[in-house]
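# Breakdown of the fold
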Amino acid sequence: MELNIKISSAFILMLFLAQLGEGQSPARAVFDVTKYGATPNGDISKAVMDAFKEACAATSPSTIVIPKGTFTMNKVKLQGPCKAPLELQVQATLQAPPDPKQLTGEGEWFTINYLDHFTLSGTGIFDGQGKAAWAQNDCAKSKNCHLPNNLSFNFLTNSTIQDITSKDSKMFHVNVNGCKNLTFMRVKITAPPESINTDGIHVARSSNVNITDSVIGTGDDCISVGDELEQLYITRVTCGPGHGISVGSLGKTPGEKPVVGVYVKNCTFINTDNGVRVKTWPASHQGVVTDLHYEDIIVQNVSNPIVIDQVYCPYNQCNKDLPSQVKISKVSIKNIRGTSRTQDAVLLLCSKGLPCEGVEVGDIDISYNGKEGPAKSNCENVKPTFVGKQNPPVCAGTLSA
């Protein structure tokens, strides 16, 4: 009898320990780039790629660590698929070569492709050292101008970018292409107002993208939206300096696919050229923009707080006499308040070929204190519906269709 009790007790203990082990996830393998040859103030490109190669082959979740310090880095491309979830934890300041000609190889400065359940984290800084490149930017003259973006994310799924900083990119800070279920949290983007074409986060050909609790100040759009986008959620983002949060520009390229579902809520714009903006080219190719919603927005000293511009024509590279062929519909603009730097608080300039439809405006309170008089609106080819109060009066006496 005593032997049976001892055997039963041992069996129960083994079963308990087995169940306890099943409830615990295995420890993440850590791949520190200093173990692969990375040294402070040295080029860590090869060390990062070597660490990634091993981490990507791991069959359990792993973390690549770039520890605190300052490192230089040339172009790096990390490409999956990998065998298990992977985190890249950047605690360092990474510096790109100041001269764009020193960035050798294809693609952008730091590119991540084809990963599932990927996380980029840490309090690190991606410093593009873009000042010299901005002086070389000739996009006003050349249609084929291109400088390297700081960060390029392509075909990521179920992934998160959090707590990192992008500084002084030579072109876009972040470019998102072909991603699904991608979240940006607590991201900081910084560059001076004179940094030409340095969009903060550009998103295209993607679905279910979230950008939240982030601060973006740069020389172009804080967030810009390209074609073939479905469901972009932007919440609690502070923008400024910059050109605002923009859908477009669209219509310049044939075959662009629809933009469906952009939600901008609880955001603040400070000293920006625009607030919320949709821009399409005149004499454009066909396109569709629908289901746009802007709500609970604060504007502080913003030149054009609310803009639909279907005669967008930078550098006069278009024929303004021909209408835009991009159809805009199902737009709601609610609870926008603050101050405008110009009289033009609300501009709804829709296409005379395809007037905007389903535009709803509610509870607008934007003031202007310049010598020209109070804030005003200007509307073309749109007949909005109204909810609540509008200050200034929106589309009063300026409707056409």
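Just so it is clear, the structure is predicted and the values come from calculations on it, not from any experiment.

Here we have eleven strands laid out as an open sheet, ordered β4-β7-β10-β13-β16-β18-β20-β22-β24-β26-β28, and parallel in their pairing. If you trace the sheet from one side to the other, it starts and ends with β4 (76-79) and β28 (376-380), each paired once. Here the average twist between neighbouring strands, direction ignored, is 15°. Note: strand β24 (residues 304-309) against strand β26 (residues 344-349), four bridges, orientation parallel. Directly across from Ile306, in β26, lies its bridge partner Val346. The sheet strands contacting helix α2 (residues 45-57) are β4 and β7 (110-113), and the helix crosses β4 at an angle near 5°.

In this section: unusual backbone geometry. In this structure, the amide linkage connecting Gly248 to the following residue, Ser249, adopts the cis form with an omega of 15°. Its location among the elements puts Ser249 in strand β20 (residues 245-250). Looking along the chain, the bond that leaves Asn391 and enters Pro392 is cis, with omega of 5°. Relative to the assigned elements, Pro392 resides in the segment after β29 (385-391). Its identity as a non-glycine residue notwithstanding, His117 has a phi of 55°, on the positive side.

Across soluble globular proteins, nonpolar side chains have a tendency to be buried as a group. Core analysis: the largest hydrophobic core is formed by 93 residues, its most contacted members being Ile66, Leu94, Phe110, Phe153, Phe184, Val247 and Leu348. Ignoring any residue separated from it by four or fewer positions in sequence, one finds Ile66 in contact with Val33, Ile44, Val48, Phe71, Leu88, Gln89, Val90, Gln91, Ala92 and Leu94. In terms of nonpolar packing, the next biggest core, distinct from the first, is built from five residues, Ala133, Cys139, Leu147 and Phe172 among them.

For the rest of this paragraph, the subject is the side chain of Asp221. Within the element layout of this structure, Asp221 appears in the loop between β17 (207-217) and β18 (223-225). The exposure class of Asp221 is buried, given its relative accessible area of 1%. In contact with Asp221, not counting residues within four places along its chain, are Thr198, Asp199, Gly200, His243, Gly244, Ser246, Gly248, Arg277 and Lys279.

Describing an aromatic ring pair means giving the distance of the ring centres and the angle of the ring planes. For the coordinates displayed, the defined rule picks out six aromatic pairs. For the pair Phe110 and Phe126, a centre-to-centre distance of 5.4 Å together with 45° between the ring planes defines the contact as tilted. Within this pair, whereas Phe110 is found in strand β7, its partner Phe126 is found in strand β9 (residues 125-127), the two being separated by 16 residues in sequence. With a relative accessible area of 1%, Phe110 lands in the buried category. The exposure class assigned to Phe126 is buried, which follows from its relative accessible area of 0%.

Reading the values: the criteria
Residues numbered from 1 in each chain as written. Predicted model: local features only at pLDDT ≥ 70, side-chain atom pairs only at ≥ 80, totals over all residues. Heavy atoms only, no water. Pairing = 2+ DSSP bridges. Helix = DSSP H or I, 4+ residues; strand = E, 2+ residues; numbered from the N terminus. Axes fitted to C-alpha atoms, helices over the stretch in contact; angles between N-to-C directions. Contact = heavy atoms within 4.5 Å. Core = buried A, V, L, I, M, F, W, Y, C linked by side-chain atoms within 4.5 Å. Buried < 20%, exposed > 50% of the residue type's maximum accessible area, 1.4 Å probe, protein only. Phe/Tyr/Trp six-rings, centres within 6.5 Å; stacked < 30°, edge-to-face > 60°.

Interpretation in functional terms is not warranted from these geometric data alone.
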